[in-house]
Amino acid sequence: MEPTQDRRTDALLRRFRTDLHTRLPLRALWAHGSLGGGDYQEGRSDLDLIAVLDRPATPEEERDIGALHRTLDADDPLARHLHCSYLVADDSAADPGRSHLTWAHREVLHRPVTPVTRRELHTFGRVLSGDAPGALLPPVTDAELAAYIRHNLRSYWRPALDDPARWLQDVWVDLGLLTLARATVTLRDSTLITKAEALTVLGELGAPDAVVTDIKNRRYGPRPTLAPADPDRSDPSPWHLHRADLTRAFLGPAIDRTLATYGTGRE
């Protein structure tokens, strides 16, 4: 495992890798997302991982996986950002629609490993242990990648704008705008860009300057002077209300424009 430039992150990844080897038939462990793409910000970015097993986990092992993550979470604040999907090294790993055991957002889930994640793994995946992604996962074609992105924009992000309350939260503002920028570039050029690069693209797409600056400061600059929005609050600040309005007013038409320009089918 090649070290990152962050000692706390390296220590957490070493501990996680060792703990998996002692509990599961681990074939490989990979990083994608910010950690793989060179855009990782310790304490701010997620640690997006994929573990590949030689066989399906037993029910007891699935419970053990949850317990392992909860222990890490309790011991190290960085582990709260750690997400990991558990694939099996068989034919099911090749199906992008197949759901896999996953630890994310501090709970056990079952969800697919998307074509975007698969393309990231092939393009800049970081091997933490075992085989490289190319040895176990089939490549993702440009057509498959574009079809997934169009579907995701149309069926997930566009309807999400109908719920104003969620756009008071930093995570929705960040992911909504950055996903749009990255999706637009991928549909246009069949390439992947980082979140930092997506901030420049947002300016080109006409995103509100105040919202782009807000995202940039929270992800890459000084901590914001305003406290993050609390999703359970009944009295969000004027800034969070204004930011939500700006985001929704921009994002809806921008998604529609991207789909009109690059939407060559209804997936």
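Scope of this entry: the structure provided in the associated data block. (Residues numbered from 1 in each chain as written. Predicted model: local features only at pLDDT ≥ 70, side-chain atom pairs only at ≥ 80, totals over all residues. Heavy atoms only, no water.)

**Side note on unusual backbone geometry**
- With a phi close to 55°, His-105 is a non-glycine residue in the positive phi region.
- The phi torsion at Ser-190 lies on the positive side, around 60°, for a residue other than glycine.
- With respect to the secondary-structure elements, Ser-190 resides in the loop between helix 7 (170-189) and helix 8 (195-205).
- Residue Ser-190 is classed as partly exposed on the basis of its relative accessible area of 27%. (Helix = DSSP H or I, 4+ residues; strand = E, 2+ residues; numbered from the N terminus. Buried < 20%, exposed > 50% of the residue type's maximum accessible area, 1.4 Å probe, protein only.)

**Examining the pattern of salt bridges**
- A complete count under the given rule lists 19 salt bridges for this structure.
- A salt bridge links Arg-55 to Glu-61; the nearest nitrogen and oxygen atoms lie 2.8 Å apart.
- Across the pair Asp-174 and Arg-218 runs a salt bridge whose closest N-O atoms are separated by 2.7 Å. Of the two residues, Asp-174 sits in helix 7 while Arg-218 sits in helix 9 (residues 209-220), which places them 44 residues apart along the sequence.
- Relative accessible area serves as the criterion here: at 7%, Asp-174 is assigned to the buried category.
- With a relative accessible area of 11%, Arg-218 lands in the buried category. (Salt bridge = Lys/Arg side-chain N within 4 Å of Asp/Glu carboxyl O.)

**Section: the packing of helix 7 against helix 10 (residues 238-262)**
- In the contact formed by helix 7 and helix 10, the axes pass within 10 Å of each other and the chain directions differ by 20°. The orientation of helix 7 relative to helix 10 falls into the category roughly parallel. For the pair helix 7 and helix 10, the sense of crossing is left-handed. Of the residues in helix 10, those touching helix 7 at Asp-170, Val-173, Gly-176, Leu-177, Leu-180, Thr-184, Leu-187 and Arg-188 are His-240, Arg-243, Thr-247, Phe-250, Leu-251, Ala-254, Ile-255, Thr-258 and Tyr-262.
- Its residues assigned to classes, the contact of helix 7 with helix 10 shows nine nonpolar, five polar and three charged. (Axes fitted to C-alpha atoms, helices over the stretch in contact; angles between N-to-C directions. Parallel < 35°, antiparallel > 145°, perpendicular 65-115°, else oblique. Left-handed = near helix turned anticlockwise from the far one by under 90°. Contact = heavy atoms within 4.5 Å. Nonpolar A, V, L, I, M, F, W, Y, C, P; charged D, E, K, R; others polar.)

**Observations regarding the sheet that holds strand 1 (residues 26-31)**
- Taken together, six strands build an open sheet; the order of strands is 5-4-3-2-1-6 and the sheet is mixed. Sheet topology places strand 5 (107-112) and strand 6 (126-130) at the edges, where each strand pairs with a single neighbour. Pairs of neighbouring strands in the sheet enclose a mean axial angle of 25°, with direction left out of account.
- For strand 1 and strand 6, the ladder comprises four bridges, and the chain directions are antiparallel. Across the sheet, the residue bridging to Trp-30 is Val-127, located in strand 6.
- Helix 3 (residues 59-75) contacts strand 3 (82-88), strand 4 (99-104) and strand 5 of the sheet and is inclined by roughly 25° relative to strand 4. (Pairing = 2+ DSSP bridges.)

**Focus: the packing of aromatic side chains**
- Inspection of every chain in the model, using the stated rule, returns five aromatic pairs.
- Ring geometry for Tyr-156 versus Trp-157: centroids 5.1 Å apart, planes at 90°, classification edge-to-face.
- Look at Trp-157 and Trp-167: their rings are 6.3 Å apart centre to centre, the planes differ by 55°, and that puts the pair in the tilted class. Note that Trp-157 is positioned in helix 6 (residues 142-160) and Trp-167 in the loop between helix 6 and helix 7, a separation of 10 residues in sequence. Residues Trp-157 and Trp-167 agree in their burial class; the two are buried.
- Linked through ring pairs, Tyr-156, Trp-157, Trp-167 and Trp-172 together constitute an aromatic cluster. (Phe/Tyr/Trp six-rings, centres within 6.5 Å; stacked < 30°, edge-to-face > 60°.)

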